[in-house]
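For reference, the chains in residue letters:
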Amino acid sequence: MSEKRVPEHLAIILDGNGRWARRRGLPRLMGHRAGLRKLEEMVHLVKKAGIRYFSVYAFSTENWSRPEMEVAGLMSLFRYYIRRKVEAIKAEGARIRFAGRRDRLPPDLLELMRHAEERTKDESVLDFILCINYGGRPEVLDAVNALYASGHRGTVTEADLRRFLYLPDVPDPDLVIRTSGELRLSNFWLWEAAYSELYFTEAYWPDFDEAALRAALEDYAGRERRYGGLKA
């Protein structure tokens, strides 16, 4: 990877699994399986690039509206991935974390998630964040409700609200990548991505490889981040 400036927090919207499978005459679930396999490779590449936080949009609050069989298959794949890959992720020095609502997730999956978080909690090279049953608007609503449940009254500042976001200690994403050619955030890190750099690629997520990551990071390194200010 280039020695140029890299994002502290890289976020990726994992898109295009279904279309990747369809182009190969495969069931959509095979595309999701290929996408999860890609994640293990990407954790290694992100670590090698020197990135400290890596978050991925794996399952949104809107994804429950997909066909029941596809949702059930995705939950099974999450179970398999978390159960089988915890040690490999830990070996990379990565801490596994999750962001999103947990109320609709199956109890056995929640237990696997808790185990993964506990097993890797002392790792400090990389925070690997899986956003499952995540939505940016629900996160803000949950933060507002938790803030008022804490007894807060009166004016609310950004700092007040941030304390109740799902992962308040994680810095905002510097770079958000979306695969598959779609040009929107789709309710991902809405609060946190206010000043993120955005990068869109035509590659489907299972095809997003080291060269594609390098291209995105090189593009990011050449940008001037201004946070709403005027260029000097």
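Residues numbered from 1 in each chain as written. Predicted model: local features only at pLDDT ≥ 70, side-chain atom pairs only at ≥ 80, totals over all residues. Heavy atoms only, no water.

Caption draft 1: How the structure looks around the overall build of the protein. When helices and strands are counted, the protein shows 7 helices and 6 strands. Listed by position from the N terminus, the elements making up the protein come as β-α-α-β-α-β-α-β-α-α-β-β-α. By the compact-globule yardstick of 17 Å for 232 residues, the protein fits well, its C-alpha radius of gyration being 18 Å. Looking at the 232 residues of the protein, the share that counts as buried comes to 49%. (Helix = DSSP H or I, 4+ residues; strand = E, 2+ residues; numbered from the N terminus. Rg over C-alpha atoms; globule rule 2.2 N^0.38 Å. Buried < 20%, exposed > 50% of the residue type's maximum accessible area, 1.4 Å probe, protein only.)

Caption draft 2: Spotlight on the pairing of strand S5 (residues 175–178). Burial along S5 is two-sided: Leu 175 and Ile 177 and Val 176 and Arg 178, pointing in opposite directions, are all buried. Bridge count for strand S1 (residues 9–13) against S5 is 4 bridges, and the pairing is parallel. From the neighbouring strand, Ile 13 faces S5, where its bridge partner is Arg 178. Relative to strand S6 (residues 197–200), S5 runs parallel, the two being bridged by 4 bridges. Bridge pairing links Ile 177 to Tyr 199 in S6. (Pairing = 2+ DSSP bridges.)

Caption draft 3: Expanded view of the packing of helix H2 (residues 28–49) against helix H7 (residues 210–221). At a minimum axis separation of 11 Å, H2 and H7 run at an interaxial angle of 40 degrees. In terms of axis orientation, H2 runs oblique to H7. The handedness of the crossing between H2 and H7 comes out as right-handed. Mapping the contact onto sequence places Glu 41, Met 42, Leu 45, Val 46, Lys 48 and Ala 49 in H2 and Glu 210, Leu 213 and Leu 217 in H7. Here the contact of H2 with H7 is built from residues that sort into 6 nonpolar, no polar and 3 charged. (Axes fitted to C-alpha atoms, helices over the stretch in contact; angles between N-to-C directions. Parallel < 35°, antiparallel > 145°, perpendicular 65-115°, else oblique. Left-handed = near helix turned anticlockwise from the far one by under 90°. Contact = heavy atoms within 4.5 Å. Nonpolar A, V, L, I, M, F, W, Y, C, P; charged D, E, K, R; others polar.)

Caption draft 4: Focus on the pairing of strand S3 (residues 94–99). Most of S3 is tucked away: 5 of the 6 residues are buried. Bridge analysis of S3 against strand S4 (residues 126–134) gives 6 bridges, and the strand direction is parallel. Bridge pairing in S4 places Arg 95 opposite Asp 127.

Caption draft 5: Expanded view of the side chain of Ser 60. Here Ser 60 shows up in strand S2 (residues 53–60). Residue class for Ser 60 comes out buried when judged on its relative accessible area of 7%. Other than its neighbours up to four places away in sequence, Ser 60 contacts Asn 133 and Tyr 134.

Caption draft 6: Region of interest: the sheet that holds S5. Strand order across the open sheet formed by 6 strands is S3-S4-S2-S1-S5-S6, with parallel pairing between neighbours. If you trace the sheet from one side to the other, it starts and ends with S3 and S6, each paired once. Sheet twist, expressed as the average angle between the axes of neighbouring strands with direction ignored, equals 20 degrees. Those strands touched by H2 are S1, S2 and S4, and its axis lies near 140 degrees from that of S4.

Caption draft 7: Highlighting the side chain of Asn 17. When you line up the elements, Asn 17 lands in helix H1 (residues 17–23). On the accessibility criterion, Asn 17 (10% relative accessible area) is buried.

Caption draft 8: Highlighting a nonpolar patch on the surface. A surface patch of nonpolar side chains, amounting to about 210 Å² of accessible area, comprises Val 144, Tyr 148 and Val 156. With respect to the secondary-structure elements, Val 156 resides in the loop between helix H5 (136–149) and helix H6 (158–162). (Patch = residues over 30% accessible without salt bridge, like charges linked within 9 Å, V, L, I, M, F, W, Y side chains within 5 Å. Areas by Shrake-Rupley, 256 points an atom, 1.4 Å probe, with all protein chains shown as cover. Salt bridge = Lys/Arg side-chain N within 4 Å of Asp/Glu carboxyl O.)

Caption draft 9: Expanded view of the nonpolar core. Formed by 47 residues in total, the largest nonpolar core has its most connected members in Leu 10, Ile 12, Leu 39, Met 42, Phe 54, Ile 82 and Phe 128. A per-element tally of this core places helix H3 (residues 68–91) first, with 9 residues. Apart from the residues lying within four places of it in its own chain, the contact partners of Leu 10 are Val 46, Ile 51, Tyr 53, Phe 54, Ser 55, Leu 175, Ile 177 and Leu 213. In this structure, Ile 13, Leu 167, Val 176 and Ala 193 belong to the second largest nonpolar core, which totals 14 residues. (Core = buried A, V, L, I, M, F, W, Y, C linked by side-chain atoms within 4.5 Å.)

Function cannot be read off these values alone, since they describe shape.
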